[in-house]
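Residue-level listing of the chains:
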Amino acid sequence: MIIERPSFERRVVASLDADRIPVVLGSCATGRTSLLLRLERLIGHTRAQYLDFAAAATTPESCLAAVLKASRLGATDLVPPPSSPRDAFDALMGFLDSASTEQPVTFFIDEVLDIRTFESFPGLRHVQRELIARLAASPSRFVLASRFTARTHRWLRDAPARFEVVHVPALDAQEVLSLALLFDGGRREWAAQIAPAVAALTAGRAGYVHLVVESLSTMGQAIDPVAAVAAQFAPAGRLTARCRESYEFRLHRARGYGALKAILGILAAHEPQNLTEIAHHLHRTPGSTKDYLSWLEDVDLVTCRSKRYSFEDPLLRLYVRLYGRPLPPTDDEIVREVQAYAQARLAQIAPRSSPEPAGVTYERMADGRRDSGIVEID
């Protein structure tokens, strides 16, 4: 089920229509991929193509072959067989350009940073920088996406002003209500009652919202989002599996696997903490601890505000509290931890309007420096 978000979709389409290249950033379970797939469907399969680079970016030759096989756009049979990794990359870029003939076509490239896997092949050491230049000059239109916010910002540091960063905003209570109406026969009173709590408990992450609302829809007349979260955090629960996937995926993309897990355990016990506090608990020097924390920030597992570190995803912190130990949690432990988490999250519920998601362009300041102007959407 793909959640419709008309205002955010219009924001991305407006960027395309202004001849920009929107770069959609959203962590795991935020609905980033669902957005791309929905926009592909809205534009039409004869004028748009979704491509997942996380799956396709293996070797340059294999990537080219996979893209040509999957694509519905352009004359794929006219692309000559590559004789080297360099030729394969150039052929891939040429295909993306040539797909636009009488009318421009739009490529939705998910996990675009995975192009870095080509860097180990001859002639492609600077492939990420080349990709930016080729896309900026292409007659085709592109929407790029990544789950890695910090890395994408660095990638775009010297990019042309055509690139525009758009952060996936959290679902608000009204959007959760709209999703809930798709379950349980569309009972509006039930949906309206659960929406604010579900939005708070899930931090508005679309993937988490879907699982909790689906669980609630099977509970009959009960209106207990906290119980639904607790049920989904059982050892075999789908929310547990979703958090485990995010946790392991990001750790494996970072350096210092063991030390990073230790720091996440420290922050799971208590957050926020400053560098000195974390170093003390880790029994390491502040210098080495600072390196570890920078690696966690690099894959968006932790965030730093006012020199104090905490989890970027609150439900991921709950997952580590429950499963970051040798034995799986008991039912009583799950209920206790989820209730404590819910008490803290639900206390934050307050009426407020949801701002339109902000776009960010990379342009020169008057003194020649780069100003990303990045606005984080909470």
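Note that the structure is a prediction, hence the values are computed from the model and not measured.

**Points about the overall build of the protein**
Working step 1: Regarding its fold elements, the protein presents 17 helices and 11 strands.
Working step 2: Once local pairs closer than 6 in sequence are excluded, the contacts in the protein between residues at least 24 apart make up 71%.
Working step 3: About 17700 Å² of surface is accessible on the protein, with carbon and sulfur atoms providing 52% of the total.

**A few points about the sheet that holds strand 7 (residues 302-305)**
Two orientations exist for strands paired in a sheet by backbone hydrogen bonds: parallel and antiparallel.
Working step 1: With antiparallel pairing, 3 strands are arranged side by side in an open sheet as 6-8-7. The outermost strands of the open sheet, each flanked by one partner alone, are strand 6 (273-274) and strand 7.
Working step 2: Sheet analysis places strand 7 next to strand 8 (residues 308-311), joined by 4 bridges and oriented antiparallel. Bridge pairing links Thr303 to Ser310 in strand 8.
Working step 3: Packing of helix 13 (residues 257-269) onto the sheet brings it into contact with strand 6, strand 7 and strand 8, and relative to strand 8 it is tilted by some 90 degrees.
Working step 4: Across the sheet, helix 15 (residues 286-298) touches strand 7 and strand 8, and the angle it forms with strand 7 is around 110 degrees.

**Notes on the pairing of strand 3 (residues 106-110)**
Working step 1: With 5 of 5 residues buried, strand 3 lies mostly within the body of the structure.
Working step 2: Note that strand 2 (residues 48-52) and strand 3 share 5 bridges and pair parallel. Across the sheet, Gln49 pairs through a bridge with Phe107, a residue of strand 3.
Working step 3: Of the pairings in the sheet, the one linking strand 3 to strand 4 (residues 141-146) comprises 4 bridges and is parallel in character.

**A closer look at the nonpolar core**
Working step 1: Of all hydrophobic cores here, the largest spans 99 residues; its most connected members are Phe107, Leu144, Phe163, Phe233 and Leu296.
Working step 2: If sequence neighbours within four positions are ignored, Leu296 has contacts with Leu251, Leu260, Ile263, Leu264, Leu301 and Val302.
Working step 3: Formed by 14 residues, the second largest nonpolar core is a distinct cluster that contains Leu16, Val143, Ala145 and Val168.

**So, the packing of helix 8 (residues 173-180) against helix 10 (residues 206-217)**
Working step 1: Put simply, helix 8 and helix 10 touch, their axes get as near as 10 Å, and they point 50 degrees apart. One finds that helix 8 runs oblique with respect to helix 10. Viewed along their axes, helix 8 and helix 10 form a crossing whose handedness is right-handed. Contacts from Val176, Leu179 and Ala180 in helix 8 reach Val209, His210 and Val213 in helix 10.
Working step 2: Residues that form the contact of helix 8 with helix 10 fall into these classes: 5 nonpolar, 1 polar and no charged.

**Re the environment of Pro328**
Working step 1: Tracing the chain through its elements places Pro328 in the loop between helix 16 (314-323) and helix 17 (331-346).
Working step 2: Placed 93 residues apart in sequence, Pro328 and Pro235 show a C-alpha to C-alpha distance of 7.0 Å.

Rules used throughout
- Residues numbered from 1 in each chain as written.
- Predicted model: local features only at pLDDT ≥ 70, side-chain atom pairs only at ≥ 80, totals over all residues.
- Heavy atoms only, no water.
- Helix = DSSP H or I, 4+ residues; strand = E, 2+ residues; numbered from the N terminus.
- Contact = heavy atoms within 4.5 Å.
- Areas by Shrake-Rupley, 256 points an atom, 1.4 Å probe, with all protein chains shown as cover.
- Pairing = 2+ DSSP bridges.
- Axes fitted to C-alpha atoms, helices over the stretch in contact; angles between N-to-C directions.
- Buried < 20%, exposed > 50% of the residue type's maximum accessible area, 1.4 Å probe, protein only.
- Core = buried A, V, L, I, M, F, W, Y, C linked by side-chain atoms within 4.5 Å.
- Parallel < 35°, antiparallel > 145°, perpendicular 65-115°, else oblique.
- Left-handed = near helix turned anticlockwise from the far one by under 90°.
- Nonpolar A, V, L, I, M, F, W, Y, C, P; charged D, E, K, R; others polar.

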